[in-house]
Amino acid sequence: MRATLIGRFLLLAIVWLAVLLPAWYWAAHWLAAPPIWLAGTVMKALFSWVEGFEQEGVTAVLRTLVQVRMPGPQGADMLGELTPEVGYPIYGYGLVLLWAMLLAARTRRWWLKGLAGSLLLFPMQAWGICFQWLRDVALLSGPAGAAYLNYPRWANELVAYGYQFGFLMLTPVAPILLWLLFNKRFVAALWLEAALEGPPGQNTGPPLK
């Protein structure tokens, strides 16, 4: 049975994904630096309660002035400054997904399009990091954090929406949209093949007399 273009692409994408994942994991420390720097710079520029940020391996750490209650010695509570952390792999896996799809589709100048796509993904990864930081500070810091920020309800809802959009939509969908943009001919061939095959079970032969 002849393998379809879609079937070959999916199989090759899975193979390339398995091959590239270890390399991406090994290089994650360096790949995480641009989006973490961008996210931290934006947060520090926009919010006065941000003291700074740093990268610890593949983890983005935000240092804030927001005071929250923390367990102290002998069971007594004490105030401490909130330092939310975000793991880069949560928002960075789209990078390896994009490269795997480019290679599976045998994209012309795949290396150049892969580099361009990687640069375009960095701001989207920074979005996810920023909004997870904001979620942890504005929504998960407890009464003490909420009292310190004193944000209105609509601002908290905006933070929740931005976090969900980054985590559920932007991170998995962005690499696919970039791949579609870089592979218009291949996508057209996939549509043509699907149109020629028709719906499953459709009889394409001559009518019976």
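In the block above lies the structure referred to throughout.
Rules and cut-offs
- Counting of residues starts from 1 at the beginning of each chain's written sequence and follows it residue by residue.
- For this predicted model, a pLDDT threshold of at least 70 governs which residues receive local features, and a threshold of 80 or more governs which side-chain atom pairs are given and counted, while totals over whole chains, interfaces and linings are taken from all residues.
- Side-chain numbers come from the whole structure's heavy atoms, not from hydrogens or water.
- Every helix listed is a DSSP run of H or I at least four residues long, and every strand listed is a run of E at least two residues long, numbered separately from the N terminus.
- We call two residues in contact whenever any of their non-hydrogen atoms come within 4.5 Å of each other.
- Axes here mean lines fitted to C-alpha atoms, for a helix over just the part in contact, with angles spanning 0 to 180 degrees between N-to-C directions.
- By definition in this entry, angles of less than 35 degrees are roughly parallel, angles greater than 145 are roughly antiparallel, angles of 65 to 115 are roughly perpendicular, and the rest are oblique.
- Left-handed is the label given to a crossing in which the near helix is rotated counterclockwise from the far helix by less than a right angle, and right-handed is the label when the rotation is clockwise.
- Note on residue categories: nonpolar means Ala, Val, Leu, Ile, Met, Phe, Trp, Tyr, Cys or Pro, charged means Asp, Glu, Lys or Arg, and polar means any other residue, Gly included.
- Pairs were defined over the aromatic rings of Phe, Tyr and Trp, the Trp ring being its six-membered one, requiring ring centres within 6.5 Å. Orientation was assigned from the angle between planes: stacked under 30 degrees, edge-to-face over 60, tilted for the rest.
- When accessible area is computed with a 1.4 Å probe and restricted to protein chains, residues below 20% of their type maximum are described as buried, those above 50% as exposed, and intermediate ones as partly exposed.
- Only strands joined by at least two bridges in the DSSP assignment are considered to pair.
- In this scheme, a helix's expected span is set at 1.5 Å multiplied by one less than its residue total.
- Given a residue, its bend is the angle between the two axes fitted to the seven residues that end at it and to the seven that start from it.

Visitor: What is the right way to read the overall build of the protein chain from this model?
Guide: A tally of helices and strands in the protein chain yields seven helices and five strands. Counting from the amino terminus, the protein chain carries its helices and strands in the arrangement α-α-β-β-β-β-β-α-α-α-α-α. Here the analysis covers contacts within the protein chain between residues at least 6 apart in sequence; of these, 65% occur between residues at least 24 apart.

Visitor: Would you mind showing me how to read the packing of helix 3 (residues 89-104) against helix 6 (residues 153-182) here?
Guide: When two helices pack together, their arrangement is given by the angle between the helix axes and the distance between those axes. Interhelical geometry of helix 3 versus helix 6 gives an angle of 15 degrees and a closest axis separation of 9 Å. The pairing of helix 3 with helix 6 is recorded here as roughly parallel in orientation. Our pair here, helix 3 against helix 6, has a crossing hand that is right-handed. In this structure, helix 3 contributes I90, Y91, Y93, G94, L97, L98, M101 and L102 to the contact, and helix 6 contributes Y163, G166, F167, T171, P172, P175, I176, L178, W179 and F182. For the contact of helix 3 with helix 6, a count of residues per class yields 15 nonpolar, three polar and no charged.

Visitor: Would you take a moment to explain the packing of aromatic side chains for this structure?
Guide: Any pair of aromatic rings gets described here by the distance separating the centres and the angle formed by the planes. Here the structure, examined in full by the defined rule, presents 12 aromatic pairs. Relative to F131, the ring of W127 lies with its centre 4.8 Å away and its plane at 35 degrees, an arrangement referred to as tilted. Highlighted residues: W127 and F131, both in helix 4 (residues 110-138), separated by four residues, approximately one helical turn. For F131, a relative accessible area of 17% gives the class buried. The interplanar angle of 75 degrees and the centroid separation of 6.0 Å between the aromatic rings of W179 and F186 together place this pair among those described as edge-to-face. Here F186 falls in the buried class, since its relative accessible area comes to 15%.

Visitor: What's the story with unusual backbone geometry in this structure? I'm lost.
Guide: Apart from glycine, the bulk of residues carry a negative phi angle, and the bulk of peptide bonds sit in the trans form. The backbone phi angle of R106 is positive, close to 50 degrees, even though this residue is not glycine. Here R106 is to be found in the loop between helix 3 and helix 4. One non-glycine residue, N150, adopts positive backbone phi at about 55 degrees. Within the secondary structure layout, N150 lies in the loop between helix 5 (142-149) and helix 6. Look at N150 and you get exposed, because its relative accessible area is 63%.

Visitor: Looking at this structure, I do not really get the sheet that holds strand 1 (residues 50-56). What am I missing?
Guide: Note: strands within a sheet are paired through backbone hydrogen bonds, in either parallel or antiparallel orientation. Ordered by their spatial adjacency, three strands build an open sheet running 1-2-5, and the pairing between neighbours is antiparallel. Two strands bound the open sheet, and with one partner strand each, they are strand 1 and strand 5 (85-87). Taking the axes of each pair of neighbouring strands and ignoring which way they run, one obtains an average angle of 20 degrees across the sheet. As judged from the three bridges shared by strand 2 (residues 59-64) and strand 5, these two strands associate in the antiparallel manner. The residue bridging A60 from the neighbouring strand is V86, located in strand 5.

Visitor: Even after reading the chapter, I still don't get helix 1 (residues 5-31), so can you show me in this structure?
Guide: Owing to its 3.6 residues per turn, the α-helix brings residues three or four apart onto one side. In this model helix 1 runs just 32 Å from its N-terminal to its C-terminal C-alpha over 27 residues, more than 12% under the 39 Å that 1.5 Å per residue would give. At Y25, helix 1 shows its largest kink, close to 40 degrees.

Visitor: How should the pairing of strand 1 be read in this particular structure?
Guide: As a general feature of sheets, a regular strand has side chains that alternate between the two faces. By the bridge criterion, six bridges tie strand 1 to strand 2 in an arrangement that is antiparallel. Each residue of the ladder has a partner; that of E54, found in strand 2, is V61. Here strand 1 hands over to strand 2 after two residues, with G57 in that stretch at a positive phi of 65 degrees.

Visitor: Mind showing me how you'd approach the packing of helix 2 (residues 33-46) against helix 4 here?
Guide: Contact geometry of helix 2 with helix 4 gives a least axis separation of 8 Å together with a crossing angle of 50 degrees. As judged from the angle between their axes, helix 2 and helix 4 are oblique. The element helix 2 and its partner helix 4 pack so that their crossing is right-handed. Across the interface between the two elements, P34, P35, I36, L38, A39, G40 and M43 of helix 2 pack against F122, P123, Q125, A126, I129, C130, W133 and L134 of helix 4.

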